[in-house]
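Given next are the chains, with one letter for each unit.
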Amino acid sequence: MRKRTLYMETMGCQMNVLDSELVVGQLTSGDYALTDDMTTADVVLINTCSVRDHAENKVLSRLGALKKPKLNNPGMIVGIIGCMAERDPDGLVDKMPHVDLICGPGELNKIPAMIEDARELRQRSIALSQSLSRKSTPIERALEFDSVEALDLSRAAGIVGNPIQAYVRVQRGCDKFCTFCVVPFTRGPERSRPPGQIVDEAKMLVDRGALEITLLGQTVNSYINQDDGQRVPFSELLARLNDINGLERIRFVTSYPGDFGDDILMAMRDLPKVCEYLHLPAQSGSDPVLKRMRRQYSVSEYVELVARAREFVPGLTLASDFIVGFCGETDEEFARTVQLVRDTRFKNIFVFKYSERPNTVAEKRAVDDVADAVKRVRNIELLSVQERISLATNRELIGRTVEILVEGYSKRAMKAQEAEQTRGEEISSEISSQLVGRTRTDRIVVFSGEIGLAGRLINVRIAGATALTLHGEIVERREGERLPGTIPIGVNIGG
Ligand code: SAH
Ligand code: F3S
């Protein structure tokens, strides 16, 4: 029998990337095969993001593009899944009546059944989690079985995505309710997954070849669960994962600056597999702005945490997120953010122009009064301050030898290969065979090498640097020689 075809498109954060992988895994282990042609697919799913207005507009334009193919092929099932489905199902249906399936991020395990319902009953199938209660404490919630947990547990059935670097969810939802943020509304209350299930999932991924695992949670450091009556905080979860044979690197995102205990810093210092990298969104460098955002820390507490983290974890790199032009942000308040970025010397930062989101506290009680032109100027200024820092800190690495996990061809090489294949352009083999890898500190290194190195840990010497990328050369080593703290080429490849 011909398999049905599934087209999946993913927008937004790493959590969405993982959700899409799990949904695709569920469907392709059944009747479906993936296709990259949206117009002829039997099922089209768009996994959406609501965090900024721009992301939602992109979804609407993709849906608009599906109107005609759906008219030509009325049997096609068009599904909107993820945050936008949860946030505004009625608005979606009003604007896009040709949508057959609407599924929030907490219900994704139901998708195979929902597709069948939509097909057989010829009516729209909807699953949302709007009723999830926040009354209990995070640990009480962690002990309740969440039906969507079945989605993560289904992972054994079919693994898609990158086998070497895998995501593992440790926590769902968020309880922080920063005044600008829609995530607590779309992803529901904070729930931590059982530690045993996380460890089993990580082991299974390592058995299938994973060398690096990135743990995902909105405020991953506030992870808390129980096992045999014993509390399992995030530091203990890291320790259990560190014991997995064959696993080489553990990362985690995103950390919330408010609940960051020294136990986690000690775990980062003492557990060899936990990488020296933190994504620690500051959002602003001004106390009044942080207060209006209802971030539960001050600038000085953030700065102290960074100092402590650097003291505990030598060589630590930091990344951060900032919002510019939040309600009422003055030039003076923005200048404090610039100062924080100058002083902290992040590896990189993500800067977002404030985008008002429906139903958030900021939408209800504050005014989005910073002109878009001002937001744009602040965005550019903050990025240019960071660019100089990124360049300077990257240059400091020139001449040093670092361990990288090779990911495959670089973006530039892939573009060059495409130009060669589709337009017959002649491109130097140095460019079309360029590889990319990542250091433990999440720095990107490009270098020349054989594609067979993909998925291996190797040592490269840094020969050049731009603000975004390091240029490396493979270190030649004599038989048996091993640089301290590194793994010889060809060993520990897993799988
Ligand atoms: N803790 C989450 C945060 C999700 S949103 C995580 O990183 O997984 C990611 C980033 O988007 C936030 O850190 C914030 O900088 C930005 N952001 C969130 N809401 C926003 C809004 N309304 N406008 C602009 N940027 C926003
Ligand atoms: Fe959003 Fe703040 Fe949670 S940014 S995801 S409400 S920590």
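For every chain, the first residue of the written sequence is number 1, and numbering continues from 1 along that sequence. Chains and ligands are labelled sequentially in the order written, the chains with letters from A and the ligands with numbers from 1. The predicted nature of this model means local features are confined to residues of pLDDT at least 70 and side-chain atom pairs, given and counted, to a pLDDT of 80 or more, with totals for whole chains, interfaces and linings taken over all residues. Water and hydrogen atoms play no part in the side-chain values, which are based on all heavy atoms of the structure.

## Structural notes on the overall build of the protein chain
Consideration 1: Think of it this way: any DSSP run of H or I at least four residues long counts as a helix, any run of E at least two long counts as a strand, and we number them from the N terminus. When its secondary structure is counted, the protein chain shows 18 helices and 21 strands.
Consideration 2: Only C-alpha atoms enter the radius of gyration, while the globule expectation follows 2.2 Å times N to the 0.38, with N the number of residues. What you see for the protein chain is a C-alpha radius of gyration of 23 Å, in line with the 23 Å of a compact globule of 495 residues.
Consideration 3: Principal-axis analysis of the C-alpha atoms places the extent of the protein chain at approximately 65 × 55 × 55 Å.
Consideration 4: By the burial criterion, 54% of the 495 residues in the protein chain qualify as buried.
Consideration 5: Should any heavy atoms of two residues lie within 4.5 Å, those residues are counted as being in contact. For the protein chain, restricting intrachain contacts to residue pairs at least 6 apart in sequence, the fraction spanning at least 24 positions comes to 74%. Exposure categories follow from relative accessible area, calculated using a 1.4 Å probe and restricted to protein chains: below 20% of the type maximum is buried, above 50% is exposed, and the middle band is partly exposed.

## A look at the site of ligand 2
Consideration 1: In the region of ligand 2, the neighbouring residues are C174, K176, F177, C178, F180, C181, V183, P184, Q218, T219, Y256 and R295.
Consideration 2: In this classification, Asp, Glu, Lys and Arg are treated as charged, Ala, Val, Leu, Ile, Met, Phe, Trp, Tyr, Cys and Pro as nonpolar, and every other residue, Gly included, as polar. Residue classes in the shell around ligand 2 are distributed as eight nonpolar, two polar and two charged. A molecule or strand has a residue near it when one of that residue's heavy atoms lies within 4 Å.

## Some details on the sheet that holds strand β5 (residues 101–103)
Consideration 1: Strands are labelled as partners when DSSP assigns at least two bridges between them. Ordered by their spatial adjacency, six strands build an open sheet running β2-β1-β3-β4-β5-β6, and the pairing between neighbours is parallel. A strand with exactly one partner marks an edge of an open sheet, and here the two such strands are β2 (32–34) and β6 (125–127). Adjacent strand axes in the sheet meet at a mean angle of 20 degrees, parallel and antiparallel pairs treated alike.
Consideration 2: For strand β1 (residues 4–10) and β2, the ladder comprises three bridges, and the chain directions are parallel. Along β2, the bridge assignment pairs R4 with Y32.
Consideration 3: For every element, the axis is a line fit to its C-alpha atoms; helices are fit only across the contacting stretch, and the angle between N-to-C directions ranges from 0 to 180 degrees. Against the sheet, helix α1 (residues 14–28) contacts β1, β2 and β3 (43–48), and its axis sits at roughly 175 degrees relative to β1.
Consideration 4: Contacting β1, β3 and β4 (77–82), helix α2 (residues 53–72) runs over the sheet at an angle of about 165 degrees to β4.

## Comments concerning the site of ligand 1
Consideration 1: With respect to spatial proximity, 13 residues lie near ligand 1, and among them Q218, T254, Q283, D321 and S355 are the closest.
Consideration 2: Within the backbone of F180, an N or O atom sits 3.0 Å from a nitrogen atom of ligand 1.
Consideration 3: N or O atoms within 3.5 Å of each other form a polar contact, as long as, within protein, one can give a hydrogen and the other can take it, and as long as residues adjacent in sequence are counted only when both atoms are side-chain atoms. Within the contact set of ligand 1, a nitrogen atom lies 2.8 Å away from a backbone nitrogen or oxygen of S355.
Consideration 4: Computed by Shrake-Rupley with a 1.4 Å probe, the accessible areas treat only the displayed protein chains as cover when residues are assessed. Isolated, ligand 1 exposes 540 Å² of accessible area, and the fraction of that covered by the protein chains is 86%.
Consideration 5: Taken together, the residues of the shell around ligand 1 sort by class into five nonpolar, four polar and four charged.

## With respect to the pairing of strand β15 (residues 317–324)
Consideration 1: The element β15 is largely enclosed, with a buried count of eight among its eight residues.
Consideration 2: The alternating pattern of β15 places T317, A319, D321 and I323 on one face and L318, S320, F322 and V324 on the opposite face, and all of these are buried.
Consideration 3: Bridge count for strand β14 (residues 277–279) against β15 is three bridges, and the pairing is parallel. Within the sheet, the bridge partner assigned to L278 lies in β15 and is L318.
Consideration 4: Note: β15 against strand β16 (residues 348–353), six bridges, orientation parallel. The partner of D321 across the bridge, within β16, is F350.
Consideration 5: Seen with its strands pointing away from the viewer, a crossover is right-handed when the path leading from the first strand over the helix to the second is clockwise. In terms of handedness, the path from β15 via helix α14 (residues 331–344) over to β16 forms a crossover that is right-handed.

## Considerations on the pairing of strand β12 (residues 230–233)
Consideration 1: Looking at chain direction, strand β11 (residues 224–227) and β12 are connected through four bridges and run antiparallel. Opposite D227, over in β12, you have Q230 as the bridge partner.
Consideration 2: Once β11 ends, the chain turns through two residues before running back antiparallel as β12, passing D228 with a positive phi of about 50 degrees.

## Details of the confidence of the model for the protein chain
Consideration 1: What pLDDT conveys is the predictor's confidence in a given residue, as a value from 0 to 100. Summing up the model confidence of the protein chain, the mean pLDDT is 91 and the portion of residues at 70 or higher is 94%.
Consideration 2: Contacts for the low-pLDDT stretch residues 478–495, under 50 throughout, to residues beyond four places or in other chains number 32 contacts.

## Details of the pattern of salt bridges
Consideration 1: The rule for a salt bridge is simple: a side-chain nitrogen of Lys or Arg has to be within 4 Å of a carboxyl oxygen of Asp or Glu. Using the criterion set out here, one finds 38 salt bridges in the structure.
Consideration 2: Between E425 and R423 there is a salt bridge, and its shortest N-O distance comes to 2.7 Å.
Consideration 3: One salt bridge connects R438 with D442, and the closest N-O pair in it is separated by 3.1 Å.
Consideration 4: Three or more residues are tied together by salt bridges with common partners; here these are D19, E149, D152, R169, R172, R187, R193 and E201.

## Focus: the side chain of T439
Consideration 1: Here T439 is to be found in strand β18 (residues 434–439).
Consideration 2: With residues near it in sequence (within four places) discarded, T439 still touches R249, R251, V402, E403, I404 and V445.

## With respect to the environment of R440
Consideration 1: By the secondary structure assignment, R440 is in the loop between β18 and β19 (444–448).
Consideration 2: Taking the C-alpha atoms as reference points, R440 and G315, 125 residues apart in sequence, are found 9.9 Å from one another.
Consideration 3: When neighbours within four sequence positions are excluded, R440 is seen to be in contact with E248, R249, R251, P272, K273, V274, C275, E276, Y277 and E403.
Consideration 4: Only 2.8 Å separates the side chain of R440 from the backbone oxygen of P272, close enough to count as a polar contact.
Consideration 5: Within polar-contact distance, the side chain of R440 engages the side chain of E276 at 3.0 Å.

## What about the sheet that holds strand β13 (residues 249–253)?
Consideration 1: Ordered in space as β7-β10-β13, the three strands form an open sheet in which the pairing is parallel. Every interior strand has two partners, whereas the edge strands, β7 (165–169) and β13, have only one. Recorded for the sheet is a direction-independent mean angle of 25 degrees between the axes of neighbouring strands.
Consideration 2: Across five bridges, β7 lies against strand β10 (residues 212–216) in parallel orientation. Residue R169 lies in a different strand from β10, and its bridge partner there is L216.
Consideration 3: Sheet strands touched by α1: β7, β10 and β13. Its angle to β7, the strand with the most contacts, is close to 95 degrees.
Consideration 4: This element, helix α10 (residues 234–242), spans β10 and β13 of the sheet and lies at about 155 degrees to β13.

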